[in-house]
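What the coordinates show
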Amino acid sequence: MATSNHIIKVAIVGAGGNSGSFMTEALLKTGKHTITAITRVDSQNKLPEGVIFKKVDYNKPETLVEALRGQDALVITLSNSVPKETEMQLINAAGEAGVAWILPNEWSPDTANEAMVKDVFLLQPKVDTRKAIADLGKSSYIAVSTGFWYEWGLAIPAGFGIDFANRIVTLFDEGETKISTSTRPQVGRAVGALLSLPIKPEGSNKEACLENFKNKVVYVKSFTVSQKDMLESALRVTGTKENDWTITKEPAQERYSSGIKEMQEGKRIGFAKMMITRVFYPDGCGDFEHNKGTLNSLLDLPQEDIDEATKAAIERSKTSN
């Protein structure tokens, strides 16, 4: 338990992963935290200097409790392929170990939007996790909603509809629906800044404390952009013109339905197609910046250069399946 009004000891699951590594680096950079990486016995992930390792066996819950004892906060980053039970094991262990704060495995579009979660059933476990933490009543959560990762969504043709290798663009509807999306470095900075806030209010800014966000979904973003905005960035970065690309349009609802069908046929591409296209529906579910508001200003997050992020996505697209 934190004896001061600040979180000092932070445990991270997935500290060496695609997103967790940026959170680990950002937390270290604040100079305010002691970071412990909770890793499986067989993990080979390389971690920055200064990170404490605690190896656990998920078949032995007592190893999780022991690893989490004395921690002020637990940050969970897990891939979609990890069984749902894994996060529940972590939550139960955190409660038993007396961890006051949990940042669950949210890092996604707005799962507080019930209509979208109903259509993108793969997001339902995130809602279940929040309820489980609240029902257990031993820890408080702050769920950080980020939208889809910009570098990931733009790198795969089934994502934001831009195929860099073949210069083909598929616009959903007219390609003008805006969604809020984040880069991994920005979310890393957000976690570092969030866990550096005081627990109870200090000074004149009463909003800037963790108690204010207790058991809530909060929102951070890099950009709120449409596919056309992304394409304009891609044209600038690649030095191409629109007529160098093949541009087609597909109704978003039809694309969502075809994604569901492909999933039922066992095609992995359907998963990304269904999930991402639903966020581009014109019901505003993808634009949490304007519909919910973000913590960007309160956390003093920088305004990023979209072309730099597009460059990163293009590099990633060269290694994506």
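These figures come from a predicted structure and were not determined experimentally.

1. Focus on the nonpolar core
Judged by nonpolar contacts, the single largest core of 71 residues is most densely connected at Val75, Leu103, Trp107, Phe160, Leu194, Leu195 and Met230. With 5 residues, helix H10 (residues 269–279) is the largest single contributor of residues to this core. Formed by 25 residues, the second largest nonpolar core is a distinct cluster that contains Val56, Ile76, Ala94 and Ala97.

2. With respect to the side chain of Asp110
Take Asp110: it is sitting in the loop between strand S5 (101–103) and helix H4 (114–119). Setting aside residues up to four positions removed in sequence, Asp110 forms contacts with Met116, Ser145, Tyr219, Cys285 and Lys292.

3. As for the packing of helix H2 (residues 61–68) against helix H3 (residues 84–97)
At their nearest, the axes of H2 and H3 sit 8 Å apart, and the two run at 55° to each other. Considering their axes alone, H2 and H3 lie oblique with respect to each other. Pair H2 / H3 crosses with right-handed handedness. Across the interface between the two elements, Leu64, Val65 and Leu68 from H2 touch Gln89, Leu90, Ala93, Ala94, Glu96 and Ala97 from H3.

4. Describing helix H5 (residues 124–136)
Taking 1.5 Å of rise per residue, the 13 residues of H5 would be expected to cover 18 Å, and the 18 Å separating its terminal C-alpha atoms lies within 8% of that figure. Among the residues making up H5, those that are buried are Lys126, Thr129, Arg130, Ala132 and Ile133. One face of H5 carries all of its buried residues, which in axial projection span an arc of 160°. Along H5, the residues that are exposed and aim more than 90 degrees away from the buried face are Lys131 and Asp135. On its buried side, H5 packs onto H3, S5, strand S6 (140–145) and strand S10 (216–219). Gly137 sits one or two positions beyond H5 and adopts a positive phi of about 70°.

5. Topic: the pairing of strand S1 (residues 9–13)
Across the 5 residues of S1, 4 count as buried, placing the element largely inside the fold. Examined bridge by bridge, S1 and strand S2 (residues 34–40) share 5 bridges and lie parallel to one another. When the bridges of S2 are listed, Ile12 appears paired with Ala37. As paired elements, S1 and strand S4 (residues 73–76) share 4 bridges and run parallel to each other. Along S4, the bridge assignment pairs Ala11 with Leu74.

6. Points about the environment of His33
Here His33 lies in the loop between helix H1 (20–30) and S2. Under the relative-accessibility criterion, His33 is labelled buried at 10%. Through-space distance from the C-alpha of His33 to that of Ile8 is 4.6 Å; in sequence the pair is 25 residues apart. The contacts of His33, once residues within four sequence positions are left out, are Ile7, Ile8, Val10, Leu27, Gly192, Leu195 and Ser196. A distance of 3.1 Å separates a polar side-chain atom of His33 from the backbone oxygen of Ile7. Only 3.0 Å separates the side chain of His33 from the side chain of Ser196, close enough to count as a polar contact.

7. A look at unusual backbone geometry
Leaving glycine aside, a negative phi is the common case for residues, and trans is the common case for peptide bonds. The backbone of Asp173 sits at a positive phi, close to 55°, despite the residue not being glycine. For Asp173, the location among the structural elements is in the loop between strand S8 (168–172) and strand S9 (179–181). Overall, the relative accessible area of 29% leaves Asp173 in the partly exposed class. A positive phi is found at Asn215, a non-glycine position, where the angle reads about 55°. Tracing the backbone shows Asn215 in the loop between helix H7 (184–194) and S10.

8. Concerning the packing of aromatic side chains
Per the stated rule, a full pass over the model turns up 8 aromatic pairs. Summarising the aromatic geometry, the rings of Tyr150 and Phe160 are spaced 6.4 Å apart at their centres and angled 45° between planes, so their arrangement reads as tilted. Note that Tyr150 is positioned in helix H6 (residues 150–155) and Phe160 in the loop between H6 and strand S7 (162–163), a separation of 10 residues in sequence. Here Tyr219 and Phe288 contribute two aromatic rings whose centre-to-centre distance is 5.0 Å and whose plane-to-plane angle is 40°, an arrangement assigned as tilted. Of the two residues, Tyr219 sits in strand S10 while Phe288 sits in helix H11 (residues 288–291), which places them 69 residues apart along the sequence. Assessed through its relative accessible area of 7%, Tyr219 is described here as buried.

9. Concerning the packing of helix H8 (residues 227–238) against helix H12 (residues 306–317)
Viewed as axis vectors pointing N to C, H8 and H12 meet at an angle of 75°, and their least axial separation amounts to 9 Å. On the basis of their axis angle, the class for H8 and H12 is roughly perpendicular. Contact with H8, carried on its side by Ser233, Ala234, Arg236, Val237 and Thr238, involves Ile306, Asp307, Thr310, Lys311 and Ile314 of H12 and no other residues of that element. Grouping the constituent residues of the contact of H8 with H12 by class yields 4 nonpolar, 3 polar and 3 charged.

10. Here's the deal with the environment of Ser21
Among the structural elements, Ser21 can be located in helix H1. The spacing of Ser21 and Thr238 is 217 residues in sequence and 28 Å in space, taken between C-alpha atoms. The contacts of Ser21, once residues within four sequence positions are left out, are Gly14, Ala15 and Gly16.

The rules behind each value
Residues numbered from 1 in each chain as written. Predicted model: local features only at pLDDT ≥ 70, side-chain atom pairs only at ≥ 80, totals over all residues. Heavy atoms only, no water. Core = buried A, V, L, I, M, F, W, Y, C linked by side-chain atoms within 4.5 Å. Buried < 20%, exposed > 50% of the residue type's maximum accessible area, 1.4 Å probe, protein only. Helix = DSSP H or I, 4+ residues; strand = E, 2+ residues; numbered from the N terminus. Contact = heavy atoms within 4.5 Å. Axes fitted to C-alpha atoms, helices over the stretch in contact; angles between N-to-C directions. Parallel < 35°, antiparallel > 145°, perpendicular 65-115°, else oblique. Left-handed = near helix turned anticlockwise from the far one by under 90°. Expected span 1.5 Å × (residues − 1). Arc of directions from axis to C-beta. Pairing = 2+ DSSP bridges. Polar contact = N/O pair within 3.5 Å; in protein donor to acceptor, adjacent residues only side chain to side chain. Phe/Tyr/Trp six-rings, centres within 6.5 Å; stacked < 30°, edge-to-face > 60°. Nonpolar A, V, L, I, M, F, W, Y, C, P; charged D, E, K, R; others polar.

Any functional reading would require information that these geometric values do not contain.
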